[in-house]
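What follows is the residue order along each chain.
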Amino acid sequence: MKRFAVLLMVVLFGCGCAAEGLDYASMTTDELIEMRNAITEEMNARYSGDILTEGKYVEGVDIKAGTYVLTALKIYEGEKYVFVATIDANGEPIENGYVKSVGESFTVRVDEGCTLSIFKGECGITRLSNSFMP
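Everything numeric in this text was worked out from a predicted model, so none of it was measured.

**Focus on the overall build of the protein chain**
Along the backbone of the protein chain there are two helices and eight strands. Ordered by position in the sequence, the α and β elements of the protein chain form the string α-α-β-β-β-β-β-β-β-β. Residues classed as buried in the protein chain amount to 25% of the 134 residues present. Pairs at least 24 residues apart make up 73% of the contacts formed inside the protein chain by residues separated by at least 6 positions. Counting every atom, the protein chain has about 9,300 Å² of accessible surface; 56% of that belongs to carbon and sulfur.

Written as structure tokens, this is what we have:
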């Protein structure tokens, strides 16, 4: 009977914790970082496309012209978002935006002669089919 009572307490306590969710405030900074890194690794494992790290991608050299969906897979430590920009052949910005959380997406068009730049993180990239474009 004593074993049953202990088992019942464990089950009830365990269910109460699961219903309330995780208590982030009680976690150490190291535990939070470890959890964030584990989530990032899992997101990366689930993503099956190409991954762009921070850098510049030149159309015709590193990337084809087209429309792409960029999905944030990792935001670098200490940063609040991944910044994405397209720049024309003269160095003038065409389009820019940012994603503030892992899993959030941003659609960007890369025209001939342009450069796609990724700052402060890593993104999965998926090229949209031209059949969807007007």
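**Brief notes about the sheet that holds strand β2 (residues 55-58)**
Either a parallel or an antiparallel arrangement is found when strands of a sheet pair, and the pairing is made through backbone hydrogen bonds. On the basis of which strands lie adjacent, the open sheet formed by four strands has the order β2-β7-β4-β5 and antiparallel pairing. Both outer strands of the open sheet, β2 and β5 (93-99), are each paired with one neighbouring strand and no more. Each strand of the sheet is rotated relative to its neighbour by a mean of 15 degrees, with strand direction disregarded. Here strand β4 (residues 82-87) pairs with β5 via six bridges, running antiparallel.

**Thoughts on the pairing of strand β3 (residues 66-75)**
Of all 10 residues in β3, nine are buried; the element is thus mostly enclosed. Both β3 and strand β6 (residues 105-110) contribute to a ladder of six bridges, which runs antiparallel. Note that in β6 the partner of Tyr68 across the bridge is Val108. Here β3 pairs with strand β8 (residues 121-127) via seven bridges, running antiparallel.

Cut-off values and rules
Residues numbered from 1 in each chain as written. Predicted model: local features only at pLDDT ≥ 70, side-chain atom pairs only at ≥ 80, totals over all residues. Heavy atoms only, no water. Helix = DSSP H or I, 4+ residues; strand = E, 2+ residues; numbered from the N terminus. Buried < 20%, exposed > 50% of the residue type's maximum accessible area, 1.4 Å probe, protein only. Contact = heavy atoms within 4.5 Å. Areas by Shrake-Rupley, 256 points an atom, 1.4 Å probe, with all protein chains shown as cover. Pairing = 2+ DSSP bridges. Axes fitted to C-alpha atoms, helices over the stretch in contact; angles between N-to-C directions.

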